[in-house]
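Okay, here's what each chain looks like letter by letter:
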Amino acid sequence: MNRRYRLILSCPDDLGIVAAITDAVAQHGGWITEAHQFADPDHGWFFMRYEVSADSLPFDGDGFREVLAPIARRFSMQWRVTDSEKRQRVIILASRESHCLSDLLYRWRSGDMAFDIPCVVSNHPDLRDFVEWHGIEFIHLPVDPQDREAAFVALDDIFQRRQADTIVLARYMQILPPFLCERYQGQIINIHHSFLPSFAGAHPYRQAAERGVKLIGATSHFATPDLDAGPIIEQDVVRVNHHNTVADMVQLGRDVEKTVLARALRYQLEDRVLIHGNKTVIFQ
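For clarity, every value in this text was computed on a predicted model and none was experimentally measured.

Caption draft 1: Highlighting the pairing of strand β12 (residues 273-276). Where β12 meets strand β13 (residues 279-282), four bridges bridge the pair, whose relative direction is antiparallel. Bridge pairing in β13 places Ile 275 opposite Thr 280. Linking β12 back to β13 in an antiparallel pair, the connection comprises two residues, with Gly 277 at a positive phi of about 65 degrees.

Now the structure itself:
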């Protein structure tokens, strides 16, 4: 009873959407184990996420899609059905800092989060031994400042050949070009501290300490051509005060970054994120 089919949809809001979906599932003996819906009154848009026990249906995922297709056409839905048993292929990008990468590898190795890692890509060789100790392929792909495009074309080739479902920028200190952000729209998850735009550039925690900040935070969002301005998936903060040194703030910042990134990836893996314009609907 653990295998589920997940129905994720959005469409113009209208009468009868929930009734039509629920009735279609019930007619075939389907057991809805989790249900979320949200109507956005400002934009007249409707969002839904259902989980249905796969064992309760007399057909497979393709059969479920056939049943739902006429309803989807009727309500002009953007929709998909996923299978909880199909693990996403997640490619992780990192540079020199290891806290976010280490946390994700622990969650992967322990089984806390179910996904496959075809490879880890880095523009520096520093993390090779750590990644390969986990039995994961490490690809060192330097980015030449004089020819950045060549590196990102090669990165795109890696994504395609490794069939990436999701790409995680685990403190990858390179700005992805617009063509990658557009090609993998809604698939690239980034993480950064929440001092932007106030404390941009080098040494943001020192800048924050000098300004006497009281909150340190992190933001995880989808990468878009607009730097650090993509739809936000998850955020969190931790309180600091005058007793905290710059080193304290850096450590606290790392802790909140890895937690926020892990939450964002979990939502993505469980199909809980729906993008609407530059916002997200997160069904937790």
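Once the structure has been displayed, the description carries forward.
Caption draft 2: Main features of the packing of aromatic side chains. Evaluated as defined, the whole model comprises four aromatic pairs. A centroid spacing of 5.3 Å and a plane angle of 85 degrees characterise the contact between Phe 159 and Tyr 184, whose relative ring orientation is edge-to-face. Taken together, the positions of Phe 159 in helix α5 (residues 148-161) and Tyr 184 in the loop between α6 (178-183) and β9 (188-193) put the pair 25 residues apart, joining distant regions of the chain. As far as the burial class goes, Phe 159 and Tyr 184 line up, both buried. Members of the aromatic cluster, joined through ring pairs, are Tyr 5, Phe 59 and Phe 64.

Caption draft 3: The arrangement of the side chain of Glu 257 in detail. Assignment of secondary structure puts Glu 257 in helix α8 (residues 246-269). One polar contact links Glu 257 to His 99, side chain to side chain, over a distance of 2.8 Å. Sequence-distant contacts of Glu 257, defined by excluding residues within four places in its chain, comprise His 99, Cys 100, Arg 171, Ile 191, His 192, His 193, Tyr 205 and Ala 218.

Caption draft 4: Representation of the nonpolar core within the structure. Counting residues in hydrophobic clusters, the biggest one holds 31 residues, and the most contacted among them are Ile 92, Leu 101, Val 120, Leu 261 and Leu 265. In terms of residue count, α8 provides more of this core than any other element does, eight residues in total. Each residue touching Val 120, except ones within four places of it in the same chain, is listed here: Ile 92, Leu 101, Val 131, Ile 136, Glu 137, Phe 138 and Ile 139.

Caption draft 5: Inspection of the pattern of salt bridges at higher detail. Evaluated as defined, the whole model comprises 26 salt bridges. In this structure, Asp 271 and Arg 6 form a salt bridge, with 3.1 Å as the shortest nitrogen-oxygen distance. Separated by 265 residues along the polypeptide, Asp 271 in the loop between α8 and β12 and Arg 6 in strand β1 (residues 4-12) bring together distant segments of the chain. Arg 6 carries the same exposure label as Asp 271, and that label is buried. One salt bridge in this structure joins Glu 34 and Arg 49, with 3.2 Å as the shortest N-O distance. Residue Glu 34 is found in strand β2 (residues 32-40), and its partner Arg 49 is found in strand β3 (residues 45-53); the two are separated by 15 residues along the sequence.

Caption draft 6: Examining the environment of His 28 more closely. Checked against the element boundaries, His 28 lands in the loop between α1 (17-27) and β2. Measuring from C-alpha to C-alpha, the distance between His 28 and Gln 185 comes to 35 Å, with 157 residues separating the pair along the chain.

Caption draft 7: Expanded view of the environment of Arg 80. Among the structural elements, Arg 80 can be located in strand β4 (residues 78-83). We classify Arg 80 as partly exposed; its relative accessible area is 37%. With 40 residues separating them in the primary sequence, Arg 80 and Val 120 have C-alpha atoms 28 Å apart. Not counting residues up to four positions away in its chain, the partners in contact with Arg 80 are Arg 6, Leu 7, Ile 8, Asp 271 and Val 273.

Caption draft 8: Main features of the side chain of Ser 56. Note that Ser 56 resides in the loop between β3 and α2 (61-74). Within polar-contact distance, the side chain of Ser 56 engages the backbone oxygen of Ser 53 at 2.7 Å. Beyond its immediate stretch of four places on either side in the chain, Ser 56 contacts His 28, Gly 29, Gly 30 and Trp 31.

Caption draft 9: Layout of helix α3 (residues 99-110). Helix length check: α3, at twelve residues, gives a terminal C-alpha distance of 16 Å against a target of 16 Å (1.5 Å per residue), a fit within 8%. Considering only its buried residues, α3 is in contact with β5 (90-94), β6 (120-122), α4 (128-133), β8 (166-169), β9 and α8.

Caption draft 10: Structural detail: unusual backbone geometry. Here the phi dihedral of Ser 76 falls at roughly 55 degrees; this positive angle occurs in a residue that is not glycine. With respect to the element layout, Ser 76 can be found in the loop between α2 and β4. Positive phi values are uncommon outside glycine, yet Arg 171 reaches one of about 65 degrees. Structurally, Arg 171 is set in the loop between β8 and α6.

Caption draft 11: Spotlight on the sheet that holds β5. The sheet built from seven strands is open, its strands ordered β7-β6-β5-β8-β9-β10-β11 with mixed pairing. Only two strands of the sheet have a single neighbouring strand rather than two, namely β7 (138-140) and β11 (232-239). Neighbouring strand axes in the sheet, compared pairwise and without regard to direction, differ in orientation by 20 degrees on average. Bridge count for β5 against β6 is three bridges, and the pairing is parallel. Looking across to β6, one finds that Ala 94 is bridged to Ser 122. Contacts between α8 and the sheet are confined to β5, β8, β9, β10 (215-222) and β11, with β11 contributing the most and set at about 150 degrees to the helix.

Conventions and cut-offs
Residues numbered from 1 in each chain as written. Predicted model: local features only at pLDDT ≥ 70, side-chain atom pairs only at ≥ 80, totals over all residues. Heavy atoms only, no water. Pairing = 2+ DSSP bridges. Helix = DSSP H or I, 4+ residues; strand = E, 2+ residues; numbered from the N terminus. Phe/Tyr/Trp six-rings, centres within 6.5 Å; stacked < 30°, edge-to-face > 60°. Buried < 20%, exposed > 50% of the residue type's maximum accessible area, 1.4 Å probe, protein only. Polar contact = N/O pair within 3.5 Å; in protein donor to acceptor, adjacent residues only side chain to side chain. Contact = heavy atoms within 4.5 Å. Core = buried A, V, L, I, M, F, W, Y, C linked by side-chain atoms within 4.5 Å. Salt bridge = Lys/Arg side-chain N within 4 Å of Asp/Glu carboxyl O. Expected span 1.5 Å × (residues − 1). Axes fitted to C-alpha atoms, helices over the stretch in contact; angles between N-to-C directions.

None of this, on its own, says anything about what the molecule does.
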